[in-house]
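Coordinate inspection notes
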Amino acid sequence: MTRSATTTWDDDCAFDTALAGATSGRMLDNGAASGIVAGTRIATAMGWRPVEAIAAGDMVMTFDSGLRPVADVKRTQLWLGHGRCPDHRKPLAVPVGALGNKTPMLLLPEQNMMVESDMAEAIYGDPFAVIPASALEGYRGIDRITPHRPIDVIVLEFEEEEIVYANGSGMVHCGSVNSHRLEALFDDDAGPNYETLSLEMARSIVAGLIDEDLTAHAYAAE
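Rules and cut-offs
- Residues numbered from 1 in each chain as written.
- Predicted model: local features only at pLDDT ≥ 70, side-chain atom pairs only at ≥ 80, totals over all residues.
- Heavy atoms only, no water.
- Helix = DSSP H or I, 4+ residues; strand = E, 2+ residues; numbered from the N terminus.
- Buried < 20%, exposed > 50% of the residue type's maximum accessible area, 1.4 Å probe, protein only.
- Contact = heavy atoms within 4.5 Å.
- Areas by Shrake-Rupley, 256 points an atom, 1.4 Å probe, with all protein chains shown as cover.
- Salt bridge = Lys/Arg side-chain N within 4 Å of Asp/Glu carboxyl O.
- Pairing = 2+ DSSP bridges.
- Phe/Tyr/Trp six-rings, centres within 6.5 Å; stacked < 30°, edge-to-face > 60°.
- Core = buried A, V, L, I, M, F, W, Y, C linked by side-chain atoms within 4.5 Å.
- Expected span 1.5 Å × (residues − 1).

Structural notes on the overall build of the protein chain
Regarding its fold elements, the protein chain presents 4 helices and 15 strands. Relative to its 222 residues, the protein chain shows a buried fraction of 45%. For the protein chain, contacts bridging at least 24 residues in sequence account for 64% of all contacts bridging at least 6. Per element, the accessible surface of the protein chain, about 11,300 Å² overall, is 51% carbon and sulfur.

Focus on the pattern of salt bridges
As enumerated under the stated definition, the model contains 6 salt bridges in all. Measuring nitrogen to oxygen at the nearest pair gives 2.9 Å for the salt bridge that ties Asp87 to Lys90. You can call Lys90 buried: its relative accessible area is 16%. Ionic pairing is found between Arg144 and Glu137, a salt bridge with its closest N-O pair at 3.4 Å. The exposure class assigned to Glu137 is partly exposed, which follows from its relative accessible area of 39%. Beyond isolated ion pairs, a larger network of salt bridges with shared partners links Asp72, Lys74 and Glu157.

Here's the deal with the sheet that holds strand S8 (residues 92-94)
Pairing in this open sheet of 3 strands is antiparallel, and the strands run S9-S8-S12 from one edge to the other. Two strands close off the open sheet at either side, each with one partner strand: strand S9 (105-107) and strand S12 (143-144). Here S8 pairs with S12 via 2 bridges, running antiparallel. Within S12, the position partnered with Leu92 by the bridge is Arg144.

Quick word on the packing of aromatic side chains
Enumeration according to the criterion identifies 1 aromatic pair in this entry. Where Phe63 meets Phe128, the ring centres are 5.1 Å apart and the plane angle is 65°; that geometry is what we call edge-to-face. Highlighted residues: Phe63 in the loop between strand S5 (59-62) and strand S6 (66-69) and Phe128 in strand S11 (residues 128-132), separated in sequence by 65 residues. Phe63 gets classed as partly exposed once you look at its relative accessible area, which sits at 25%.

Observations regarding the nonpolar core
Grouped together as the largest cluster of nonpolar side chains are 35 residues, with contacts concentrated most on Ile42, Leu99, Leu107, Ile131, Leu136, Ile142 and Leu156. Listing elements by their share of this core, those giving two or more residues are S8, S9, strand S10 (112-116), S11, strand S13 (152-158), strand S14 (162-166), strand S15 (170-176) and helix H4 (199-221). Tallying contributions element by element places H4 first for this core, with 4 residues. Each residue touching Leu156, except ones within four places of it in the same chain, is listed here: Ile36, Val51, Ile54, Val70, Asp72, Val73, Cys174 and Gly175.

Topic: the pairing of S13
Counting buried residues in S13 gives 7 out of 7 residues, a clear majority hidden from the surface. Pairing between strand S2 (residues 36-37) and S13: 2 bridges, direction antiparallel. Counterpart to Ile36 in the pairing with S13 is Ile154. Of the pairings in the sheet, the one linking strand S7 (residues 72-77) to S13 comprises 6 bridges and is antiparallel in character. Across the sheet, the residue bridging to Arg75 is Ile154, located in S13. Bridge analysis of S13 against S15 gives 2 bridges, and the strand direction is parallel. Looking at S15, one finds that Glu157 is bridged to Gly175.

Re H4
Taking 1.5 Å per residue as the helical rise, H4 with its 23 residues ought to reach 33 Å, and the 33 Å between its terminal C-alpha atoms agrees with that figure. The complete set of buried residues in H4 reads Ala202, Ile205, Val206, Gly208, Leu209 and Asp213. Taken together, the buried residues of H4 touch S10, helix H3 (118-124) and S11.

Here's the deal with unusual backbone geometry
Not every positive phi belongs to a glycine, and Arg140 is a case in point at roughly 50°. Judged by its relative accessible area of 33%, Arg140 falls in the partly exposed class. The backbone of Asn167 shows a phi angle near 55°, a positive value even though the residue is not glycine. For Asn167, the location among the structural elements is in the loop between S14 and S15.

Okay, structure coming up:
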């Protein structure tokens, strides 16, 4: 049985590991609800490295394009406002194994993640779908937590959109430094375009994933 995320993140050691201070990049003006939480380990040409140790020019392993250099790195915090972090900004705690991750990890609610789904394949002809992390709440013990200390956030950008590997086989979407350029929309030579599903559709995909787990457990019990 998957240990609940609330129990996992009540452990101060787990918090300290996942919220390790960032050491590189430039600060964004505002807090963010997307990006990669400091302490998350990313697959790179030099092995698994904490995201905060990655700098522009470092080679990172991507889902579709193999090793690609990071074009830009930014840093911020989850919540820069006064008082407690608002509910819609609260991160999601992911227990070990919930997304193929080998250690507990935190996801920001608006961070886009790639999941593999039978429903996505039936609807879109592609088993891989990109969804906002907030849609994963309730899946395999993934739950919101209330942060009690600052959460450093690192934003990795590439020349084109990419999916990178986090803490094992977790698949995290990273944006492009060219996304603001109008001509990029019409560039036939651009890399993969990872369209994020709406929150409603994403929740349907996650409901399908939960059903797949229940079916698998029922077969295993026979």
